[in-house]
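Chain and residue survey
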Amino acid sequence: VPALATEPQFAQRLREHLEAEQLLDGRFRLQQVPGGRVALPVLEEKLDQLQLPREMPCVLVWIQDPVPSRAARRWTPAQKLRDELRRLLGESWSEELEQDVPHAWQRHGDLILLSEDSFRAALWEKLGPVLWEMVASALGARRVARRGRVLPDGMRSPSVTLLLGQDGWVEHVDNGIRYTFDVTKCMFSPGNITEKLRVASLSCSGEVLVDLYAGIGYFTLPYLVHAAAAFAHACEWNSHAVEALRRNLVLNGVQDRCHIHHGDNRQVSGATQPRNPCSCVAPASLSLFFQLQLQDVADRVNLGLIPSSEEGWPVACRILKKDTGGVLHIHHNVETPVQRAEGAGFDGGLQHPMEDSGKETVGARIRPEWQRWAEATAARIRGLLAELHGQQWHTSILHIEAVKSYAPHVHHIVLDLECRPTLP
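First things first, this report covers the structure right here in the doc. (Residues numbered from 1 in each chain as written. Predicted model: local features only at pLDDT ≥ 70, side-chain atom pairs only at ≥ 80, totals over all residues. Heavy atoms only, no water.)

**Digging into the overall build of the protein**
Applied cut-off: What counts as a helix is a DSSP run of H or I of at least four residues, what counts as a strand is a run of E of at least two, and both are numbered from the N terminus. The cut-offs for exposure are 20% and 50% of the maximum accessible area for each residue type, with area from a 1.4 Å probe on protein chains only; residues under the lower value are buried, those over the upper are exposed, and the others partly exposed. Every residue pair with non-hydrogen atoms within 4.5 Å of one another is taken to be in contact. Per-residue and other accessible areas were derived by the Shrake-Rupley procedure at a 1.4 Å probe size, with only the shown protein chains allowed to occlude residues.
If you tally the helices and strands in the protein, you get 13 helices and 17 strands. In the protein, which comprises 424 residues, the share counted as buried stands at 50%. Contacts in the protein between residues far apart in sequence, at least 24 positions, make up 67% of those at least 6 positions apart. Carbon and sulfur atoms provide 49% of the accessible area of the protein, an area that totals close to 20,900 Å².

**A look at empty space enclosed by the protein**
As a reminder, the rule being used: Cavities and pockets were defined on a 1 Å grid built over protein atoms only: a cavity is a set of grid points that admits a 1.4 Å probe from which the probe cannot escape, a pocket is an open set flanked by protein on both sides within 12 Å along at least five of seven lines, and lining residues are those with an atom within 4 Å of any such point. Grid points are joined across faces, edges and corners, and a volume is the space filled by probe spheres set on the points. Here the nonpolar group is Ala, Val, Leu, Ile, Met, Phe, Trp, Tyr, Cys and Pro; Asp, Glu, Lys and Arg are the charged ones; every other residue, Gly included, is treated as polar.
Scanning all chains against the criterion turns up one cavity of 30 Å³ or more. Its boundaries defined by the atoms lining it, the largest cavity holds a volume of some 30 Å³. In this structure, the largest cavity is lined by Asp174, Asn175, Ile177, Tyr179, Ile193, Lys196, Leu197, Ala200, Pro222 and His226. Of the residues contributing to the lining of the largest cavity, the split by class is six nonpolar, two polar and two charged.

**A closer look at the pairing of strand β12 (residues 231–236)**
Heads up, the condition is: Think of it this way: DSSP has to see at least two bridges between two strands before they count as a pair. Note on handedness: a crossover is taken as right-handed if, strands pointing away from the viewer, the path from the first strand over the helix to the second is clockwise.
In terms of burial, β12 is largely enclosed, as five of its six residues are buried. Bridge analysis of strand β11 (residues 208–211) against β12 gives four bridges, and the strand direction is parallel. Across the sheet, the residue bridging to Val210 is His233, located in β12. Note that the unit made of β11, helix α8 (residues 220–225) and β12 has a crossover that is right-handed. Direction of pairing for β12 relative to strand β13 (residues 258–262): parallel, over a ladder of five bridges. Its bridge partner being in β13, Glu236 is matched across the sheet by His262. Assessed by its sense of winding, the connection that carries the chain from β12 through helix α9 (residues 239–251) to β13 is right-handed.

**Description of the packing of helix α3 (residues 77–89) against helix α6 (residues 129–138)**
To keep things clear, this is the line we draw: In this analysis an axis means a line fitted to C-alpha atoms, helices contributing only their contacting stretch, and an angle means the value between N-to-C directions, from 0 to 180 degrees. The handedness criterion is simple: a crossing whose near helix is rotated anticlockwise from the far helix by less than a right angle is left-handed, and one whose near helix is rotated clockwise is right-handed.
For the pair α3 and α6, the least separation of the axes is 9 Å and the interaxial angle reads 145 degrees. Taken as a pair, α3 and α6 cross one another with a handedness that is right-handed. Across from Lys80, Leu81, Glu84, Leu85 and Leu88 in α3, the residues of α6 making contact are Val130, Leu131, Met134, Val135, Ser137 and Ala138. Residues of the contact of α3 with α6, tallied by class, amount to eight nonpolar, one polar and two charged.

**Here we look at the environment of Asn302**
Within the secondary structure, Asn302 sits in strand β14 (residues 300–303). We classify Asn302 as buried; its relative accessible area is 0%. Separated by 82 residues in the primary sequence, Asn302 and Thr220 have C-alpha atoms spaced 8.6 Å apart. Apart from the residues lying within four places of it in its own chain, the contact partners of Asn302 are Leu209, Val210, Asp211, Leu212, Tyr213, Phe219, Tyr223, His329 and His331.

Now the structure itself:
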């Protein structure tokens, strides 16, 4: 870095002068250079504004190995990025550009995933690759990508642009489970970590799991790796997610205990095909049944699709073991009117056992809207099972888990519903 070297007795006066002229580079410490002089780092982009003061004899030198200042070591990555960009743009820097610089991002190994509202000003485009190389350097990464809006294709496909790097494959570790996926093709939701931890704590030894919306294995893997499920049927219709799922099963050494049912290969003779399989959730669930041809196999069924997995409920009922039944884990976004949400607590992981009557057997705080949805769901599932098997079934709400909130009045919850055939 460039610096002005002067005699020690002039160092403090020169420093005050450079600070007043906003020429001092505060990222680096003052250093001694050969000859006993003191070198004060200056901003390279402002060298053309540098005027050497006559009363303080000094010369311009270059420091080969500058030492970061204490202030620089305390800088957050966001501050470092902003400072680097300010230096790059010089007089072109503005308040508008500063607001365009992200303060947070997702990190996946050596890849930084920026939010969709970052670096949108026209000036950034003119910088080209130089910008993304600087972002990567400032944030300690090698690859940079930017997130867009989730595509309305029924698969929750991400709209992610790779800005720097050859590919978007990354690896993420949650609770000892390795997930690899292409960020430009697949979603990864860190907000679901509490539910993945809860699934991992379940005791599923000897059980068969069917995960109707497996994705890259968000829940399939915790069931297999930690909950000790004997076998899993993982159903997924996004080919990119299926490729990631295959890799993840191998990465975690459970490929022999899982069969992937690729939902895109659902051409079955005599099966009525949906008119637009990518337009909504319902056709996907119907096609899963046609493609799966699974029934009477599952001790547990995971329905991890939001905002609603309702169209998969008939499929889940058919998959449950008809003689012994099992447990459904039903994900859903429940809306709570704002006026009712005030004063209501948000408690994740509360136990709420209830019987078919809907009366709570264990007192616990729960939002009324969650309870009403759970009771209505239990009744609907009970009716589907009775219609399917020609006999009465018993459904019990074992647990309601609050995963996360999307807004003050929308919560992602999971209902654990036990379903058993009634003895004759």
